[in-house]
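Topology and contacts: notes
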Number of protein chains: 2
Amino acid sequence: MKIVLDGQGGDYPEQAVLGAIQAVEKHKDLEIVICGKESEITQVLANNYKGNKITVCDCSEVITNDDVPTIAVREKKDSSMVKALRMAKEDSSIDGVVSSGNTGALLTASLFIAKRIKGISRPCLAPSLPTAVDGKCFVLVDCGANADCKPINLQHFAIMGSCYVESLFGVQNPTVAILSNGQEKGKGNELVKETYPILEGTKSINFVGNVEARDILSGDYDVVVCDGFSGNVALKTIEGTALCVMKMIKDSIKNGSLLQKIGGLLIKPAVRKLKSTMDVNEQAGGTVLGVDGIIVKAHGSSKQASICRCIEQAMLLINNNIVQKIKENLSGLEENDNQEK
Amino acid sequence: MKIVLDGQGGDYPEQAVLGAIQAVEKHKDLEIVICGKESEITQVLANNYKGNKITVCDCSEVITNDDVPTIAVREKKDSSMVKALRMAKEDSSIDGVVSSGNTGALLTASLFIAKRIKGISRPCLAPSLPTAVDGKCFVLVDCGANADCKPINLQHFAIMGSCYVESLFGVQNPTVAILSNGQEKGKGNELVKETYPILEGTKSINFVGNVEARDILSGDYDVVVCDGFSGNVALKTIEGTALCVMKMIKDSIKNGSLLQKIGGLLIKPAVRKLKSTMDVNEQAGGTVLGVDGIIVKAHGSSKQASICRCIEQAMLLINNNIVQKIKENLSGLEENDNQEK
């Protein structure tokens, strides 16, 4: 298996190389091509790696977080991100891409270079998020790629999210809910109300109805479907609230009695574990769903372990043939639609 | 000052009466009328109150959480909620209403009975939420009354939210931000992009641009404006995440070493304080903004202290003449609009 890594897009290019080394040392059948500044990458490799499973593709440009996605993808043709995606598209020996670069640019480049799966008008970004049930994650689709959506987009997110959860976590017949402002059928904005019956009629998914934002972390749902604006609000509210709650506990202990301060010291390992559970950087990457290729988005501040995990995530999706799975479920949809007409 | 309390809508009617008693004992110039089952209320009063500041208005019906708002408000004319609102509308000696009943029904009844302020097409529900800064709250408008909104609705929410924060917390020139999926100008869904320049041009508010959901709890913003669907997602994600994080810490301590368990016991007061900060029931009530009257919504599970706080919140809004303030800011808006044409 061969994966191409955009080695320049994130905050720590050296860590990306170290993550690649960790991955090839762990998985004997894995090869990695790193796109980025050759001299720098070669230096890190020389100091840390003796094998021959990593090659380098020199790129003179970098897409930064300040770049406007569409312009950057069009104009920075020699950037590590554009070259990584182009290589994956053109070289049939390459199975997938991992990048920690500018999210908007990665989505744009995925559309322009990897191209959409036939039938999908809006690819989406699917992150997996922790729940209150230890070790269980759920997938939020879309979480930011498409701020304004139509019901058919949400139907596609639901189908792709189901395939994704099956491939990534091995969950059979995953539950799919639509994010709404009330659990009862009939609640929602216009988009949710229009989408609900469409999801009810989609045979390839296990649709269980509305879910309120309060319950998305309960562990009861595998896939939560929403437009990218609401998904972004939910995702970032989770992040902000977790940080806020931890700060509140810290402040409260700091300003508390001596015994509370001692208690605070004693529970530090528990808080550290929680921090790592809630930290996106420690979690799996997001995946661009709906394009004709495996493209995993690592967090911009990913370090070695996180890059390695994202490479492993790409491997899992490749092994489980998620693109093919999505295509099959979509074609089933079209046949059903045609039969119903 | 005279306030009417819907004594039957919440989960604990007896607690509502006790909350009213607490309020009149604390505020000598306050009178309260409690709408509800006279025999039950009289019983609680007989056992707990000797004064003459509380009167009872007998109501034979209750609007429950299972009722469909529009039907309930139309048909349950003798319900405690409908009677309380009607009394406030018809009896000029009554200054405001507090109810812990069905939120949808309260919004519907507010529209039908209190009526909209001229110029406001969509009243909204404004809760105040805690932030990472100790003691500082912010207001999220709308948080659920209007699932689908137009830019002009959001402009009204911004103006009303500003007046509200000034009246409730005494904040001068409060900062107003619009909830978006990116902080930069230009980010957002269609609604946000259309609303942004309108808020920029609204002279009566201190508009500071987009805010990402991650930052709404930072304490840097006084008013966060959004459509009721996104607001509901943010509000309930905060609630769900706070619960989830606290459960994770608890689990982690429970499954941790003996020292961690001892630490967990020692920090209990800190966690209890946090729980009360994050608990909507302990917080101030939400207020229906945009109707011609003071209507405070207490949480359905409110107990004595929380009901008393909501009554005090209504008193503050009455004293600060918030309805008049909103009217003035709206008329300013119309004049500006006319001048600009």
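Above this text is the structure in question.
Worth saying up front: this structure is predicted, and the values here are computed from it rather than measured. (Residues numbered from 1 in each chain as written. Chains lettered and ligands numbered in written order. Predicted model: local features only at pLDDT ≥ 70, side-chain atom pairs only at ≥ 80, totals over all residues. Heavy atoms only, no water.)

Looking at the overall build of chain A
- From N to C terminus, chain A includes 12 helices and 12 strands.
- Computed over the C-alpha atoms, the radius of gyration of chain A is 21 Å, within 12% of the 20 Å expected from 2.2 N^0.38 for a compact globule of 341 residues.
- Taken over the C-alpha atoms alone, chain A extends approximately 70 × 60 × 35 Å along its principal axes.
- Every one of the 341 residues in chain A was classed for burial, and the buried ones make up 55%.
- Counting only contacts in chain A whose residues sit at least 6 apart along the sequence, the fraction spanning at least 24 positions is 71%.
- Split by element, the accessible area of chain A, about 14,200 Å² in all, is 49% carbon and sulfur.
- Taking the average place of the 38 positive charges on the side chains of chain A and the average place of its 41 negative ones, the gap between the two points comes to 4 Å. (Helix = DSSP H or I, 4+ residues; strand = E, 2+ residues; numbered from the N terminus. Rg over C-alpha atoms; globule rule 2.2 N^0.38 Å. Buried < 20%, exposed > 50% of the residue type's maximum accessible area, 1.4 Å probe, protein only. Contact = heavy atoms within 4.5 Å. Areas by Shrake-Rupley, 256 points an atom, 1.4 Å probe, with all protein chains shown as cover. Lys, Arg positive; Asp, Glu negative; His and termini not counted. Charge placed at Lys NZ, Arg CZ, Asp CG, Glu CD.)

Section: the sheet that holds strand β8 (residues 175-180) of chain B
Residues and elements named next belong to chain B.
- Read across the open sheet, the five strands follow the order β6-β7-β10-β8-β9; overall the sheet is mixed. Strands with a single pairing partner mark the edges of an open sheet, and in this sheet they are β6 (128-130) and β9 (206-212). Pairs of neighbouring strands in the sheet enclose a mean axial angle of 35 degrees, with direction left out of account.
- As paired elements, β8 and strand β10 (residues 223-225) share three bridges and run parallel to each other. Residue pairing across strands places I178 opposite V225, the latter belonging to β10. (Pairing = 2+ DSSP bridges. Axes fitted to C-alpha atoms, helices over the stretch in contact; angles between N-to-C directions.)

Section: the pairing of strand β9 (residues 206-212) of chain A
All names here are of chain A.
- Within β9, five of the seven residues are buried, which leaves it mostly tucked inside the rest of the structure.
- Summarising the sheet, strand β8 (residues 175-180) and β9 pair through six bridges and their orientation is parallel. For L179, the partnering residue across the bridge sits in β9 and is V211.
- Chirality of the crossover, the property in question, places the unit of β8, helix α7 (residues 190-200) and β9 among those that are right-handed. (Right-handed = clockwise from strand over helix to strand, strands pointing away.)

A short note on the pairing of strand β4 (residues 96-99) of chain B
All names here are of chain B.
- Burial along β4 is two-sided: the face carrying G96 and V98 and the face carrying V97 and S99 are both buried.
- With four bridges connecting them, strand β1 (residues 2-6) and β4 associate as parallel partners. Residue pairing across strands places V4 opposite V97, the latter belonging to β4.
- Of the strand pairs in this sheet, β4 and strand β12 (residues 295-297) are connected by three bridges, and their pairing is parallel. Paired with S99 across the two strands is K297, which belongs to β12.

Here's the deal with the side chain of B:D6
All names here are of chain B.
- Within the secondary structure layout, D6 lies in strand β1.
- Of the side chains with opposite charge, K297 comes closest to the buried, unpaired D6, at an N-O distance of 8.4 Å.
- One polar contact links the side chain of D6 to the main-chain amide nitrogen of G9, over a distance of 3.2 Å.
- A distance of 2.6 Å separates polar atoms of two side chains, one belonging to D6 and the other to S80.
- With residues up to four places along the chain from it excluded, the contact list for D6 reads C35, S80, M81, A84, V98, S99 and G101. (Salt bridge = Lys/Arg side-chain N within 4 Å of Asp/Glu carboxyl O. Polar contact = N/O pair within 3.5 Å; in protein donor to acceptor, adjacent residues only side chain to side chain.)

Quick word on the sheet that holds strand β11 (residues 286-289) of chain A
All names here are of chain A.
- Strand order in the open sheet formed by seven strands is β3-β2-β1-β4-β12-β11-β5, and the pairing between neighbours is mixed. Looking at strand neighbours, the two that pair on one side only are β3 (54-58) and β5 (124-126), the edges of this open sheet. Geometrically, the sheet is characterised by an average inter-axis angle of 25 degrees between neighbouring strands, direction not taken into account.
- Most of the contacts of helix α2 (residues 38-48) go to β3, to which it runs at about 160 degrees, and overall it touches β2 (31-36) and β3.
- Lying over the sheet, helix α6 (residues 151-169) contacts β5 and β11, oriented at roughly 130 degrees with respect to β11.

A word on the pattern of salt bridges
- By the definition in use, this model includes 22 salt bridges over all chains.
- A:K76 is the salt-bridge partner of A:D67, the closest N and O atoms lying 2.8 Å from each other.
- Between A:R86 and A:E90 there is a salt bridge whose closest N-O contact spans 3.9 Å. A residue pair is termed a helical-turn pair when its members lie 3 or 4 positions apart in one helix, as A:R86 and A:E90 do in helix α4 (residues 80-90) at four residues.
- Residue A:E90 is classed as exposed on the basis of its relative accessible area, which comes to 61%.
- Bridged by salt links that share partners, the residues A:E212, A:R214, B:K236 and B:E239 form one connected network.

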